[in-house]
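Examination of the molecular architecture
The chain contents come next:
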Amino acid sequence: MSRLHVDWTRCDGHGSCVELLPELLERDDWGYPLALGSLEVPAALEEHAWHAVDVCPLLALRLLA
Amino acid sequence: MSHTLITALWWLGRGTGVMALVMFTISVVLGILTRSGRSVSWLPRFAATDLHRTAALTGTTLVGIHVGSLLLDPYAQLRLADLVIPFGGAYRPLWLGLGTTAADLLLAVVVTSLLRHRIGPRAFRLVHWATYVVWPVALLHGLGTGTDAATPWFRGIAVGCAAAVLGAVAWRTSPSFAERGWRRIPRKAVS
Amino acid sequence: MTSLADVTSPMAVLPPEGARRLLAAADPSLATHRATFGPMPVPLDLVRLLDSAGLTGRGGAGFPTARKLRSVAERGHGVVVANGSEGEPASAKDRTLLMHAPHLVLDGLALVAAAVGARSTYLVTARADVAERVRAAAQERGDRRPVRVAAVVDRFVSGEESAVVNRLNGRPGVPSDRMVRVYERGVKGRPTVVSNVETLAHVALVARWGPDWFREVGTDEQPGTFLASVSGATASPGVYELPYGTSLGQTLRSSGARPGDLQAVLVGGFHGAWIPAHDLEQVRLTRSDLQPYNASVGAGVLVLLGHDRCGLVESAGIARYLAGQAAGQCGPCINGLPRMADALTALARGHARPGLVEEVHRLRGLVAGRGACSHPDGTARFVASAMRVFADEVDVHLGGGCSVAAAR
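Summarised in this report is the structure supplied together with it. Just so you know, these numbers come straight off a predicted model, no measurement behind them.

**Here we look at the overall build of chain B**
Each helix and strand in chain B was counted, giving six helices and zero strands. With the C-alpha coordinates of chain B rotated into their principal frame, the extents come out at 80 × 40 × 25 Å. Counting over 191 residues, chain B shows a buried share of 30%. Intrachain contacts of chain B at a sequence separation of at least 6 include 63% that bridge at least 24 residues.

Here is the structure:
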C-alpha cells in the first residue's frame, strides 16, 4: 500500500490527478485535489497513481512507500 | 551507394522533416492546452498532457531519422559538425543553421523533460520556454532549406501549422487564459 | 539517577532555586552571567543529559530535544540555528530572553553545536535591537567562530523550521513542503538543528546542573519551567517564568489578573485554543489538562479576554490576521483562510445568513492538513475552539445581537 503525497507549494489545481484517481480525489471549491477518504492507494489503483505522478505538469505529486 | 538508395534517403529526409513539423505543431498546441488547465469535452486534461508528450517524442524521433538519413545522403553534404555548429554547412548554410539551432534546443528540452523529476519544476520550466523558439526556427528552416518549400502541399501544411500555433499563442496571451489555479482565482478581500 | 561522572568542572555557583531560572541574572553582561550561572560547562554526553531531563522544544511544537540532536549528530557535519523569530504577535518571551540573558542562549547554542559536531551556528531574529544585543554578547565571548546573526521578516510563518532554513539559504523565508526534513538537508544542504532560543537556554542550565535538578520543578511528563507571555485583560502584561503544571488560575493571579474578571483565556497563541472562564481554576498548564480543549502550552502565550470584549469579535479579528499572514504558496490556505475569516467576521458583526455557521465549519475542514506547513491547521483549530467556547455568543449573534454591545 502506497500513499499519495501532494506538494502544496507546487500544486496549482490543474486537475489531472483527480481525473485519473476519481476513487480517491475530488476537486475542492478552488480546483485543488481533495481526498475523499484517505490518500492510501490500494494496489488496484497503483498504476493510475503512478500515471498521475508522471502527468502532473507542476511535479506536485509523489507516491510514497 | 546505388542511385535508388540515395533517392530513398533524400525522400526520407524530406518526409520526416515535414512530419516532424506537424508533430511539433500538435505538441505546442497541446502544451498550451495543458498549461491552461482546461479540458476539451472529448479530451481529459491528463490525455492532453500525454498526447503533448507523445507528439513531442514522435517529432524528436522523426528529427533523428531526418538528420540521420541526410547524413548518409551524399547529395545533402551534411557533416556531423553541422549537427552542433550552425551556419557552417555546405548546402544553404543559413537555413540549415536554423535547423541545427532548432535541433540543439530541442535536445535540451527533451533531455530536461525526461529528467524533470530530478531537476525540479523551476529548471524544467525554464528550459521549456525554449520551445517557443524551436517551433518558429524549425518552420523557417523547413521553408528555407526544404526542397518542397515551393510546392502547394508544403505551403498548405506550413500555413496550417502556423495558423494553429498562432491561434494557440494568441489564446495563451489573452487575459481570459489565466483562469485556473489559486493565483488566478480572486479571493474575497479580507477587510 | 544521573551520576557525577557527567560533570567535568565543579560548579562554582549554586543552581537557581524555584522557578526563577532563565531570568535569574540581573543584567545581560557576560560577567553577571558567569557570576550567576558559573562558567561554561563541558558535559561528556549532552544528548544523554537532555534525554534524562526530558527537555522538549519551547518554540511551540514541543519536540524532544535529545531526539532532534541525535538525528543531526548521527549525520555529521551539521549546522545549528537558534530560532528567535517569534512571529507570534502575542509572544514576547524570545526577545525578552535574548535581551535579558543572551549568554544563556549562546551557551546552549555552543553546547548543542559541540554535541552534534557542527561548526556553523546562526541566530535568527526579526528585531534590530535583539540582533544588536546578541552581536554585542557574541563579541564579549570572543569565540573563534562566532554565531552569525541573521534577520528574518516579521511575519507569522517566518519562524517555521524550514522557513528559517530557506531564509538562511538566501531564498524567501517561507516554509518548504513537509517532505523536506531540515535534519537531513538544511542550511547549505547540511543536517540542521533548528531550536527555539528558550530551549537552548534550558540546555545551558541542564548542562550545568543535570537532569535531576531540571526535574525539581514542573511535572513528570513536562519537567522544568517555561516562559509565558501574558497579555490582554491584565494589570501587568509581560513575560513570566513558570513551572509546568501551574494552574491557570494561579498563573493569572501572579500576573495581576483576576480570573473572575475574565471570559476566557487563549492558551498557545493564535494557533491555540480558548479555555472558558469557569475552567480556569482547575486547568493546569500541562499537555494532559489542556488536551480536552484541543490546546497545548505551545510557546507559552496566554491572551486574557475580559468581559468588555466579545469573544467572537476578537476571534474574527485574529482569524483575519492569520489569513493575511499566509505565505501564499498553497492553494487551499490562500483561498480558504480568508473565506473562513470572512464567514467568522460576518457572524461577529451580526450579519447572519442561513448556513453561516455550517460554512465556517466546512471551510475549517477544507483547509486543515492541506498546506505545506501547519498554518491552516493551527488557524482551523483556533476557529474551532472559538466556535465551541463562544457557542452561546454565536446564537446571540445569529439573532443579530451581541452580549457585550448590549451590556454597554
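**Notes on the packing of helix α1 (residues 3-36) of chain B against helix α2 (residues 45-72) of chain B**
Residue and element names in this part refer to chain B. It is the contact of α1 with α2, at a shortest axis distance of 7 Å, that shows an interaxial angle of 160°. With respect to α2, the axis of α1 lies roughly antiparallel. When the axes of α1 and α2 are compared, the crossing they make is left-handed.

**Examining helix α6 (residues 152-173) of chain B**
Residue and element names in this part refer to chain B. The terminal C-alpha atoms of α6 lie 31 Å apart, and with 22 residues this matches the ideal 32 Å at 1.5 Å per residue to within 8%. Among all positions of α6, only Ala 158, Cys 161 and Val 165 are buried. Down the axis of α6, the smallest arc covering the buried residues is 70°, so these residues share one side. Of the exposed residues in α6, the ones pointing more than 90 degrees away from its buried face are Pro 152, Trp 153, Gly 156, Val 159, Gly 160, Ala 163, Leu 166, Gly 167 and Ala 170. Of the surrounding secondary structure, the elements contacted by the buried residues of α6 are α1 and α5 (131-145).

**Regarding the interface of chain C and chain A**
Counting from both sides, the interface comprises 12 residues of chain C and, opposite them, 11 residues of chain A. Broken down by element, the residue count for the side of chain C that touches chain A peaks at three residues, all from helix α12 (residues 331-348) of chain C. Looking at the side of chain C that touches chain A residue by residue, the class counts come to five nonpolar, five polar and two charged.

**Concerning the interface of chain A and chain B**
Taken together, the contact between chain A and chain B spans 14 residues of the former and 14 residues of the latter. Looking at the side of chain A that touches chain B element by element, the count peaks at three residues for helix α1 (residues 16-20) of chain A.

**Overview of the environment of Ile275(C)**
All names here are of chain C. Within the secondary structure, Ile 275 is located in strand β8 (residues 273-276). Given 24 C-beta atoms within 10 Å, Ile 275 falls into the buried group. The spacing of Ile 275 and Tyr 293 is 18 residues in sequence and 6.9 Å in space, taken between C-alpha atoms. When neighbours within four sequence positions are excluded, Ile 275 is seen to be in contact with Leu 248, Ala 264, Val 265, Val 267, Leu 280, Val 283, Tyr 293 and Ala 295.

**Digging into the sheet that holds strand β9 (residues 301-306) of chain C**
Residue and element names in this part refer to chain C. Read across the sheet, five strands follow the order β6-β5-β9-β7-β8 without closing on themselves; strand pairing throughout is mixed. The sheet is open, and its two borders are formed by β6 (238-243) and β8, each paired with just one other strand. On average, adjacent strands in this sheet sit at an angle of 30° to one another, irrespective of strand direction. Where strand β5 (residues 225-232) meets β6, six bridges bridge the pair, whose relative direction is antiparallel. If you follow Phe 226 over to β6, its bridge partner there is Leu 242.

**As for the packing of helix α5 (residues 102-116) of chain C against helix α8 (residues 197-214) of chain C**
Residue and element names in this part refer to chain C. Across the interface, α5 lies against α8 with an axial gap of 7 Å and an inter-helix angle of 75°. Classified by the angle their axes make, α5 and α8 are roughly perpendicular. Residues Leu 104, Val 105, Asp 107, Gly 108, Leu 109, Leu 111 and Val 112 of α5 pack against Val 197, Leu 200, Ala 201, Val 203, Ala 204 and Ala 207 of α8. When grouped by side-chain class, the residues that make up the contact of α5 with α8 number 11 nonpolar, one polar and one charged.

**Details of helix α3 (residues 93-114) of chain B**
With 22 residues, α3(B) should reach 32 Å at 1.5 Å per residue; the first-to-last C-alpha distance of 31 Å fits that figure. For α3(B), the secondary structure elements touched by its buried residues are α2, α4 (116-128) and α5 of chain B.

**Overview of the nonpolar core**
The nonpolar side chains of a soluble globular protein tend to be buried, and buried together. In terms of nonpolar packing, the biggest core is built from 147 residues, with Val81(C), Val105(C), Leu109(C), Val112(C) and Val265(C) touching the most fellow members. Once you skip the residues sitting within four places of it in the chain, Leu109(C) turns out to touch Val80(C), Ala82(C), Thr121(C), Leu123(C), Val147(C) and Leu200(C). Ranked by size, the runner-up nonpolar core spans 30 residues in total, among them Ala48(B), Ala56(B), Leu62(B) and Ala138(B).

**Thoughts on the pairing of β8(C)**
A regular strand carries its side chains on alternate faces of the sheet. Residue and element names in this part refer to chain C. Pairing analysis gives four bridges linking strand β7 (residues 262-267) to β8, with the strands arranged antiparallel. Within the sheet, the bridge partner assigned to Ala 264 lies in β8 and is Pro 276. Linking β7 back to β8 in an antiparallel pair, the connection comprises five residues, with Gly 268 at a positive phi of about 95°.

**Here's the deal with the environment of Ser385(C)**
Residues and elements named next belong to chain C. Here Ser 385 lies in helix α14 (residues 375-389). Taking the C-alpha atoms as reference points, Ser 385 and Asn 294, 91 residues apart in sequence, are found 7.7 Å from one another. What Ser 385 contacts, discounting residues up to four positions off in sequence, is Ala 273, Trp 274, Tyr 293 and Asn 294.

So, how was this worked out
- Residues numbered from 1 in each chain as written.
- Chains lettered and ligands numbered in written order.
- Predicted model: local features only at pLDDT ≥ 70, side-chain atom pairs only at ≥ 80, totals over all residues.
- Helix = DSSP H or I, 4+ residues; strand = E, 2+ residues; numbered from the N terminus.
- Buried ≥ 20, exposed ≤ 12 C-beta atoms within 10 Å, placed from the backbone.
- Contact = placed C-beta atoms within 7 Å.
- Axes fitted to C-alpha atoms, helices over the stretch in contact; angles between N-to-C directions.
- Parallel < 35°, antiparallel > 145°, perpendicular 65-115°, else oblique.
- Left-handed = near helix turned anticlockwise from the far one by under 90°.
- Expected span 1.5 Å × (residues − 1).
- Arc of directions from axis to C-beta.
- Nonpolar A, V, L, I, M, F, W, Y, C, P; charged D, E, K, R; others polar.
- Pairing = 2+ DSSP bridges.
- Core = buried A, V, L, I, M, F, W, Y, C linked by C-beta atoms within 7 Å.

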